[in-house]
Structures are given as structure tokens and as C-alpha cells.
Amino acid sequence: MSHRVRIQGSNHEFIVEAGETVLDAALRQGILLPYGCRSGSCGACQGQVLAGRVHYGGPLPPALDQAEAAAGTALFCQALPETDLEIAVPEVESEAEIEVKQLPAKVTEIEHLAADVVRLRLKLPEAERLQFLAGQYIEILLKDGRRRAFSLANAPHDDETLELHIRLVPGGEFTRYVFEQMQPKTLLRIEGPFGSFHLREDSPRPILMLAGGTGFAPIKGMIEHAFHIGLERPIHLYWGARGRDDLYLDELARNWEATHPGFRYTPVLSEPQAADAWHGRSGLALDALLADHPDLSAHDIYMAGPPAMVEAARSALLGRGLPEEQLYCDAFEFAKDAQPAG
């Protein structure tokens, strides 16, 4: 049986399905409540039940005692509604309100997606989760004090592990280590989340997305988040790469297009080779986007890729009537501490 939950103050309402926690239901419907561990151990998701009843399917979570529960305090990462609810809990409205954490992380998977791209999956300690907005990034803290920034490629609801797409950079000490020496169970230290590049869910405008190379990583997180929360705005992704193999998750994007009616995918190769047997669009992904959308004034545009691509695209897009406040960019460059490397 489902129950309706209303948040005092904002008057946001959402539906919690049978067996679903209040936090999971809120996040699924695009309402950002704070959390830390999602296991009831840290208390970051604490709020008040003002009307209605919840239970926990067993003993109270570790961060909640009997007196607090009797007074109406609840841990919404574990709370299961028994009735409709009215609750009081702070909502996360911007990236500035999300706690930046420094945490250990264990490498659980190293998957080669292309000759020069690997997917890393990182597991945090059992009592920890990293709350983030789709499109943000983390920094890997190296032993000598340097940092390497990488965009999160997974959506916030899918946070059992953190997914990074790492490209091998010629002369890059850390990326060479990832490709040649790193093994599963390697321990890293991370900090995050960072960045203002994230999906704006409250806009009514259709979305265009432009990715260059591993700029696909944060775009992937945004798209999967949009699907998860049931965002109904049309999304059109343009992914530019040199050759066919550089579209390292091409089948995933094609599957999105086949299974989500509001989503379109246009891959574009700048240097297709005969071996690619390419019959799709060629040239620059930016040019393909501009050819398909001569007037951009009614769109929101998200783009991620190398700085040269982002800077060139910014000028061209603004020149086509796109208001600057409707353009969201993530320009990354290897070894720049403050910017994600894809």
C-alpha cells in the first residue's frame, strides 16, 4: 500500500510505495533530502514526524534511541510509513548545502571500455554514502598531496559504488598507474562532491546535451537521474569522438534511445576510419547540434568536455540565441585540481 508524504514548509508532496523508505521515495521523485550513510548509523537524515506513523521493520536504527522515536524523531533513510505523513526535514536546494566528505574508497572493479578508457568502481565504507547531485565530481587525493578530479558517472540513486571514467593521458603519472598497475581492492582516498555542473530539474525547457570524449561521464549520470525521477522534458544527446571505439558506451546510449521515447542520441565522429564502417554523422558534434537546432533560445544546454571544445561551443551557442543562464558547462583538463578530468 502506498502513502503520501508532505514536507512542512515547502509543501512538497511525494508518494512512498510499499516497502520503500521515505528517503528513497523522495530521491526517486526528485526531492533532495539530506543523508550520509543510508544505513541509519549517522543521523544525517534525521527529521520529525508531525503527523502519521512510521516503523523500521525491526530494531530502531543505531542513530535513533527510544526516547527520540517516542518524541517523533525519525531517520528517513530507514523509516517506512504506516500511514500518510507530514514531516519536518531540511531539503537540499543547492550544491552548497551538500556535505563535502573526505573518505577512504576501495576499488572494486577496473573495466577497460576502450583502449584508452577504463571504468573504475569505488566502494565506500559500509557506514558511509556520498550524497551528490547528478553531474558533480570528486577528487582523488594522492599521497604526495596532489589531487586528480573525476566526474561521477553514476546517478545519485545508484550509489552502492561510485563510477568514474578515466582516460589514459600521455605522460600522465596517475592515469598510467590506473591502466598499468592498479588492482581491485586498491585503497584510495577521495573528497567530494564538488562542482556546480548538475541537472536543473525545475526548468520546463527541453534539454540538449553535448559531450566530448569522457565528458560523457557526468552527462551519463544526469541522463540516468532524469530517467529515474521520471523527468518528462525531451533530452537530445550529441556525443562527439574521433573514431567509433572512442564512443566507449555507444550501446548504452543507443539502448536509452530505444527504451525512452523522450530521449534522442546523435553520435558524431570527427575522424572516422574505413574500419569504423561509419554511416552516422561526421564532423564536429557542435556543428551537428547547431544544424539540427538553429534557434536555441527555448532550450537548456549541458556540455562537458575538453576546455577548447567547451570554449568554442559556448561562443557558438550564445550566438544562436541561447541565454547564458540556460547554458551549463563542465570544462575539464588533466591535472587541474579544481576541474574534473572526466
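Scroll up a little and you will see the structure.
1. Focus on the pairing of strand β16 (residues 263-269)
Regular strands place side chains that alternate from one sheet face to the opposite one.
For step 1, the next point in the chain: With 6 of its 7 residues buried, β16 lies for the most part within the structure.
For step 2, the next point in the chain: As a crossover connection, the stretch from strand β15 (residues 235-241) through helix α5 (residues 250-259) into β16 is right-handed.
For step 3, the next point in the chain: As defined by bridge partners, β16 adjoins strand β17 (residues 281-282) across 2 bridges and the pair is classed as parallel. Its bridge partner lying in β17, Val-268 is registered against Arg-281.

2. Re the side chain of Arg-129
For step 1, the next point in the chain: You can see Arg-129 is positioned in the loop between β9 (117-123) and β10 (137-141).
For step 2, the next point in the chain: At 3.0 Å, the side chain of Arg-129 forms a polar contact with the side chain of Glu-160.
For step 3, the next point in the chain: Arg-129 has contacts with Tyr-35, Gly-36, Cys-37, Arg-38, Lys-101, Leu-124, Asp-159 and Glu-160, leaving out every residue within four places of it along the chain.

3. A short note on the pairing of strand β13 (residues 187-194)
For step 1, the next point in the chain: As paired strands, strand β8 (residues 101-114) and β13 are joined by 6 bridges and run antiparallel to one another. Bridge pairing links Pro-104 to Arg-189 in β13.
For step 2, the next point in the chain: Sheet topology note: the β10/β13 ladder contains 3 bridges and is antiparallel. Bridge pairing links Glu-139 to Glu-191 in β13.

4. Brief notes about the pattern of salt bridges
For step 1, the next point in the chain: Applying the stated criterion across every chain yields a total of 28 salt bridges.
For step 2, the next point in the chain: Note that Arg-4 is salt-bridged to Glu-13, the shortest N-O span being 3.2 Å.
For step 3, the next point in the chain: In this structure Arg-4 comes out as partly exposed when scored by relative accessible area, which is 41%.
For step 4, the next point in the chain: Put simply, Arg-38 and Asp-24 hold a salt bridge, and the shortest N to O gap is 2.5 Å. Of this pair, Arg-38 sits in the loop between α1 (22-28) and β3 (46-51) while Asp-24 sits in helix α1; the two residues are 14 residues apart in sequence, bridging distant segments of the chain.
For step 5, the next point in the chain: Its relative accessible area of 17% is what places Arg-38 among the buried residues.
For step 6, the next point in the chain: For Asp-24, a relative accessible area of 29% corresponds to the partly exposed category.
For step 7, the next point in the chain: Through salt bridges that share partners, Glu-109, Glu-111, Arg-119, Arg-121, Glu-163, Lys-220 and Glu-224 make up one connected network.

5. Comments concerning the environment of Pro-90
For step 1, the next point in the chain: Residue position: Pro-90 is located in the loop between β7 (85-88) and β8.
For step 2, the next point in the chain: Once residues within four sequence positions are removed from consideration, Pro-90 is found in contact with Leu-33, Pro-34 and Gln-46.

6. Description of the side chain of Asp-300
For step 1, the next point in the chain: By the element assignment, Asp-300 lies in strand β18 (residues 300-305).
For step 2, the next point in the chain: Residue Asp-300 is classed as buried on the basis of its relative accessible area, which comes to 0%.
For step 3, the next point in the chain: With residues near it in sequence (within four places) discarded, Asp-300 still touches Ser-203, Arg-205, Pro-206, Ile-207, Leu-208, Arg-233, Gln-326 and Tyr-328.

7. Remarks on the layout of surface pockets
For step 1, the next point in the chain: Roughly 480 Å³ of internal volume is contained in the second largest pocket.
For step 2, the next point in the chain: In terms of lining residues, the second largest pocket is bounded by 23 residues, among which Gly-30, Leu-32, Val-92, Glu-201 and Asp-202 are the most central.
For step 3, the next point in the chain: Each residue belonging to the lining of the second largest pocket can be placed in one class, and the counts come to 10 nonpolar, 7 polar and 6 charged.

Cut-offs used in this document
Residues numbered from 1 in each chain as written. Predicted model: local features only at pLDDT ≥ 70, side-chain atom pairs only at ≥ 80, totals over all residues. Heavy atoms only, no water. Buried < 20%, exposed > 50% of the residue type's maximum accessible area, 1.4 Å probe, protein only. Helix = DSSP H or I, 4+ residues; strand = E, 2+ residues; numbered from the N terminus. Right-handed = clockwise from strand over helix to strand, strands pointing away. Pairing = 2+ DSSP bridges. Polar contact = N/O pair within 3.5 Å; in protein donor to acceptor, adjacent residues only side chain to side chain. Contact = heavy atoms within 4.5 Å. Salt bridge = Lys/Arg side-chain N within 4 Å of Asp/Glu carboxyl O. 1 Å grid on protein atoms, 1.4 Å probe; cavity = no way out; pocket = protein on both sides within 12 Å on 5 of 7 lines; lining within 4 Å. Points joined across faces, edges and corners; volume = space filled by probe spheres on them. Nonpolar A, V, L, I, M, F, W, Y, C, P; charged D, E, K, R; others polar.

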